[in-house]
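# Tertiary structure, described
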Amino acid sequence: MNHQTKVFKITSENFSDVIRECAEIIRRGGTVAIPTETVYGLGANALDPIAVNRIFHAKGRPADNPLIVHVASVEQVEQLVIEIPPKALSLIEAFWPGPLTLILKRTAIVPDITTGGLDTVAVRMPADVVARELIRISDKPIAAPSANISGRPSPTSAAHVLHDLEGRIDAVIDAGSTCIGVESTVIDMSGGKPAVLRPGYVSEQKIEEIIGEVDIGYSDHVTDVTDVVRSPGMKYTHYSPSATVLLLEGPHNLVLNKISEMYADFTCRGARVGLLVTSTGLSSLTNDIVYLGSKDEPEEVARNLFLGLRSLDERGVNIILADGSFTHEGVGAAVMNRLRKASEMIIKL
């Protein structure tokens, strides 16, 4: 598909009209990029294999990479899964609507293309009122991976969506910037001990307060290509800009000193270098710098991560030196996971 993508800038005045028109696109098998509290998602009817295939085609996404199905009610979940175990129900009561995805055993109603051929389905109820109302009015569960070219940094604004997918999708709902900025936490509740497969805004600690100890089933590196993928974000290179990302981890002062030293070295050799940092102390080096936020405020760093990677890419830098000295507690673990997967090299100090 290559035609004009409709852009709906949603306001309180046109809210109902935009939702109705976009719900009709979903019902007839089209694709709509939608805002959620995490990142923008590329939505289509999760139960229509042809519609779901349009998501894969637009993104260039590998077919064995499962999609998250977004719902507006627990009743919708009950149609998609064989059962909701008691611990899963506890998590739903604690964190839905919100940035937590549950993997559960699926029913036959969910097509193989949506689940990557697995016997499970990933489901979540977004907190964003636009996304939830679109699901409700279309009366369809909506499959919605991030609305970007596969492997690129996830989109946190409609402009990011259009940069990657204009002409490849039917519509985008522009509701401004997302408020969290990294994808949902994914937890496997399909059998045995619960396991976090992707870190996100809801930390392992918060989950364990509700259901007890959980396993950590993810790596901050790309999973081996022969492995079965049970969650988005595990197997393939993700979150990468066109520029080469070098991630520096260690004590804050050591990281900043090393960034300054490497900036001088790369610049001397003719590279255009961008800086992704948690301190304003390096602002005198270059204009190609993005301040992620305070190293002690992981929520702020999360909001600015993908925006920062895209911004430096748009400026035409060859190399991005990324500061990994922020706190790795809570959502900081999710930010570090995304940065490590985006990086060509990790330098530990």
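Described in the following lines is the structure provided in the data block. (Residues numbered from 1 in each chain as written. Predicted model: local features only at pLDDT ≥ 70, side-chain atom pairs only at ≥ 80, totals over all residues. Heavy atoms only, no water.)

## Re helix 8 (residues 204–211)
Quick reminder of the rule: Type-normalised accessible area, obtained with a 1.4 Å probe on protein chains alone, sets the label of each residue: buried when under 20%, exposed when over 50%, and partly exposed for intermediate values. Starting at the N terminus, helices and strands are each numbered in turn, a helix being any DSSP run of H or I of at least four residues and a strand any DSSP run of E of at least two. Here the arc refers to the directions that run from the helix axis out to each C-beta atom. Contact between two residues is taken to exist if any of their heavy atoms lie within 4.5 Å; hydrogens are not considered.
By the burial criterion, the buried members of helix 8 are Glu204, Ile207 and Ile211. Buried residues of helix 8 fall within an arc of 60° about the axis and therefore sit on the same side. Check the buried side of helix 8 and you find it contacts helix 4 (86–95), strand 5 (100–105), strand 9 (185–188), strand 10 (195–198) and strand 11 (215–216). Just beyond helix 8, the residue with positive phi is Gly212, at close to 85°.

## So, the nonpolar core
So the rule is basically this: Nonpolar core, defined: a set of buried Ala, Val, Leu, Ile, Met, Phe, Trp, Tyr and Cys residues in which side-chain atoms within 4.5 Å join the residues together.
Judged by nonpolar contacts, the single largest core of 44 residues is most densely connected at Leu91, Trp96, Leu100, Leu102, Val123, Ile187 and Ile207. With five residues, helix 2 (residues 49–59) is the largest single contributor of residues to this core.

## Section: the sheet that holds strand 16 (residues 345–348)
Applicable threshold: Criterion used throughout: strands pair if DSSP finds at least two bridges between them. What counts as an axis is a line fitted to C-alpha atoms, over the stretch in contact for a helix, and the angles between N-to-C directions run from 0 to 180 degrees.
Overall, parallel pairing links the five strands, which are arranged 14-13-15-12-16 in an open sheet. Each edge of the sheet is formed by a strand with only one pairing partner; in this case those strands are strand 14 (289–291) and strand 16. When the angles between neighbouring strand axes are averaged without regard to direction, this sheet yields 15°. Inspection of the sheet shows strand 13 (residues 273–277) paired to strand 15 (residues 319–323) by four bridges, in the parallel sense. Pairing of Gly274 across the sheet is with Ile320, part of strand 15. In the packing of helix 9 (residues 252–268) onto the sheet, the strands contacted are strand 12 (244–249), strand 13, strand 15 and strand 16, and the crossing angle to strand 15 comes to about 170°.

## A word on the sheet that holds strand 5
Taking strand neighbours across the sheet as the criterion, the 11 strands line up as 1-8-2-3-7-4-6-5-9-10-11 in an open arrangement whose pairing is mixed. Unpaired on one side and paired on the other, strand 1 (6–9) and strand 11 mark the two borders of the sheet. In this structure, strand 10 lies alongside strand 11, joined through two bridges in parallel fashion. Each bridged residue has a counterpart across the sheet, and for Val196 the counterpart in strand 11 is Ile216. Sitting on the sheet, helix 4 is in contact with strand 5 and strand 9, with an inclination near 160° to strand 5.

## Points about the side chain of His70
Applied cut-off: In protein, a polar contact means a hydrogen-donor-capable atom and an acceptor-capable atom, both N or O and within 3.5 Å, with residues adjacent in sequence counting only if both atoms are side-chain atoms; elsewhere, any N or O pair within 3.5 Å suffices.
If you trace the backbone, His70 turns up in strand 4 (residues 68–70). By relative accessible area, His70 is classed as buried at 5%. Looking at His70, its side chain comes within polar contact range of the main-chain oxygen of Ile68, at 3.3 Å. Ignoring sequence-local partners within four residues, the contact set of His70 consists of Arg124, Pro126, Ile135, Pro141, Ile142 and Ala144.

## Considering the pattern of salt bridges
It is possible for side chains of opposite charge to pair when their charged atoms get near one another. For the record, the criterion: Each salt bridge in this description consists of a side-chain nitrogen of Lys or Arg and a carboxyl oxygen of Asp or Glu lying within 4 Å of one another.
Taken as a whole and assessed by the stated rule, the structure comprises 20 salt bridges. Residues Asp119 and Lys105 are paired through a salt bridge, measuring 2.8 Å at the closest nitrogen-oxygen approach. One end of the pair, Asp119, is in the loop between helix 5 (112–115) and strand 6 (120–124); the other, Lys105, is in strand 5, with 14 residues separating them in the sequence. Exposure remark for Asp119: the relative accessible area of 42% places this residue in the partly exposed category. Residues joined in a network through salt bridges with shared partners are Arg152, Asp164, Arg310 and Asp313.

## Structural notes on the environment of Ala302
If you trace the backbone, Ala302 turns up in helix 10 (residues 298–314). Here the alpha-carbon distance between Ala302 and Thr38, two residues 264 residues apart in the chain, equals 9.7 Å.

## As for the side chain of Arg106
Mapped onto the fold, Arg106 is located in the loop between strand 5 and helix 5. One polar contact links Arg106 to Asp112, side chain to side chain, over a distance of 2.4 Å.

## Some points on the state of the cysteines
We count it as follows: Two cysteine sulfurs form a disulfide in these notes if their separation is within 2.5 Å.
Scanning the entire structure with this criterion turns up zero disulfides. Not part of a disulfide, Cys179 finds its nearest cysteine sulfur in Cys22, a span of 20 Å. Residue Cys179 is classed as partly exposed on the basis of its relative accessible area of 49%.

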